[in-house]
Structure formats: C-alpha cells, structure tokens
Amino acid sequence: MGSQGYGYTSFGSGCNQSSGGFYSPQQPRPHRSNALAVVPCTVSQLRSAKEDHNGFTVGNTELNMVSLVGIVRSVSSSMSCMLYLLDDMTGPPIDAQIWQEEHDVENSAIHPGTYVKVTGRVRSLQNHRSVIGLNIRRLQDLNEITSHILEVTQAHMFHRQASLNKASLSNQQ
C-alpha cells in the first residue's frame with residue numbers, strides 16, 4: 001500500500017527547493033500535491049467536498065482524480081455514454097458517467113448488482129455532483145472493497161498528517 005498515487009513523494013522530499021526558472025527564492029512555488037494523484041474516496045466524501053473555482057477539496061486535499069468502489073444500483077445507456085448509479089453505502093448513491101466507444105462491449109456487460117471500481121473526475125452541474133469516469137471495471141474479488149476502504153483511510157490520515165506538519169512548520173517560523 002506504500003505509494004499508490006497519493007502524492008507521497010512531494011512532502012519533505014526537497015524537490016521544491018530550487019528557484020527554477022520563474023520563481024524567485026522569496027516567492028514560494030504553488031504547492032499542488034494531488035495534481036496528478038488518484039485519491040481514493042467514498043461517496044459521502046465526494047458529496048461533502050467543498051467546491052471552489054479550482055475544483056473540489058476534502059479537508060486540505062485537492063480532488064483531481066478519484067477512485068470509488070461500490071455496487072451498481074441502476075444502469076442507463078445512450079448512444080455515447082453509460083450512466084451508472086453507484087452506491088458504497090456511505091451516503092446517497094452518486095452518478096458515474098462513462099463515455100463509451102462504438103466497440104466497447106465490456107462496459108455494457110455491467111448490470112445492477114455488480115460491484116465495480118470507477119476512476120474519474122468529480123463534476124458538479126446545477127448542484128448535482130457526479131463522477132465523469134475514465135475507467136470502470138468489475139471487482140475480481142470482494143476483498144477489493146475492504147482494500148479500498150483501507151486506502152481511503154490511509155489517504156485521509158496521510159493528508160491530515162501532512163497538513164498538520166505544514167501548519168506546525170509555519171508556526172515555528
């Protein structure tokens with residue numbers, strides 16, 4: 001479980017010490033630890049995430065890409081996408097929209113009652129939150145549900161500790 005895309009290497013690694021090309025040493029670089037990370041989340045975290053002009057945040061964690069694990073409650077399809085109602089039992093179900101190719105048969109075989117893992121971006125349109133999925137796959141083993149919950153907990157604890165460390169460093173200066 002060590003570093004599975006949670007942005008672990010950016011904290012305290014010393015990578016951001018040089019001034020680079022455009023930032024002077026007095027002007028700190030913007031810090032976006034989760035810009036490329038896939039953050040494991042629950043539906044309730046996505047529903048309670050704060051939204052601003054930059055996107056969504058849970059606590060101090062920026063949500064760019066997220067992963068969700070849950071059971072498909074309903075499926076509807078159109079010519080260009082599949083809409084899954086995903087429920088992980090932490091809150092009201094959330095829509096996961098997956099754009100499909102013409103030859104995409106695998107996604108059409110996912111029926112209600114199937115446990116899946118969705119990776120995608122959180123979007124909000126008229127106060128309705130959904131996930132625009134880049135990938136959806138059936139779970140091979142139900143232990144993946146437990147593993148996902150542990151990853152959610154680990155990511156939350158990691159980002160919480162990182163923000164506490166950052167706050168204590170700023171208080172020392």
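Shown above is the structure to which this text applies.
Quick caveat, the model's predicted, so the values are computed rather than measured.

Enquirer: When you look at the pairing of strand β8 (residues 115–125) in this model, what are you seeing that I'm missing?
Expert: The side chains of a regular strand alternate between the sheet's two faces. Relative to β8, strand β5 (residues 65–77) runs antiparallel, the two sharing six bridges. Each bridged residue has a counterpart across the sheet, and for Val69 the counterpart in β8 is Lys117. Relative to strand β9 (residues 128–138), β8 runs antiparallel, the two being bridged by 10 bridges. Bridging across to β9, Ser124 finds its partner in Arg129. Hairpin connection of β8 to β9: two residues between the antiparallel strands, including Gln126 at a positive phi of 55°.

Enquirer: Sorry, what's going on with the side chain of His148 here?
Expert: Within the fold, His148 resides in helix α2 (residues 143–172). For His148, a relative accessible area of 3% gives the class buried. In contact with His148, other than residues within four places in its own chain, are Pro40, Cys41, Ser67, Leu68 and Val69.

Enquirer: Explain unusual backbone geometry to me, please; I cannot follow it from the model alone.
Expert: It is generally the case that most residues other than glycine have a negative phi and that most peptide bonds are trans. Of note in the backbone geometry, Gln126 takes a positive phi value of approximately 55° without being a glycine. Here Gln126 shows up in the loop between β8 and β9. Although it is not a glycine, Asn127 adopts a positive phi angle of roughly 60°. As for its position among the elements, Asn127 is in the loop between β8 and β9.

Enquirer: How should the sheet that holds strand β2 (residues 50–52) be read in this particular structure?
Expert: Through backbone hydrogen bonds, the strands of a sheet pair up, either in parallel or in antiparallel fashion. A sheet is described by the order of its strands in space; here three strands give the open sequence β2-β3-β4, paired in antiparallel fashion. With partners counted over all chains shown, the strands left at the sheet margins are β2 and β4 (61–63), one partner each. Taken over all neighbouring pairs, the strand axes of this sheet differ in orientation by 35° on average, direction set aside. Two strands pair when backbone bridges link them, and strand β3 (residues 55–58) and β4 are joined in this way by three bridges, in the antiparallel orientation. In the strand pairing of β4, Val58 is matched with Thr61.

Enquirer: Explain the environment of Gly120 here, please?
Expert: By the secondary structure assignment, Gly120 is in strand β8. Taking relative accessible area as the criterion, Gly120 reaches 0% and is therefore assigned buried. With 24 residues separating them in the primary sequence, Gly120 and Ala96 have C-alpha atoms 8.5 Å apart. With near-sequence residues (within four places) excluded, Gly120 lies in contact with Asn64, Met65, Val66, Val131, Ile132, Gly133 and Leu134.

Each value, and the rule that gives it
Residues numbered from 1 in each chain as written. Predicted model: local features only at pLDDT ≥ 70, side-chain atom pairs only at ≥ 80, totals over all residues. Heavy atoms only, no water. Pairing = 2+ DSSP bridges. Helix = DSSP H or I, 4+ residues; strand = E, 2+ residues; numbered from the N terminus. Buried < 20%, exposed > 50% of the residue type's maximum accessible area, 1.4 Å probe, protein only. Contact = heavy atoms within 4.5 Å. Axes fitted to C-alpha atoms, helices over the stretch in contact; angles between N-to-C directions.

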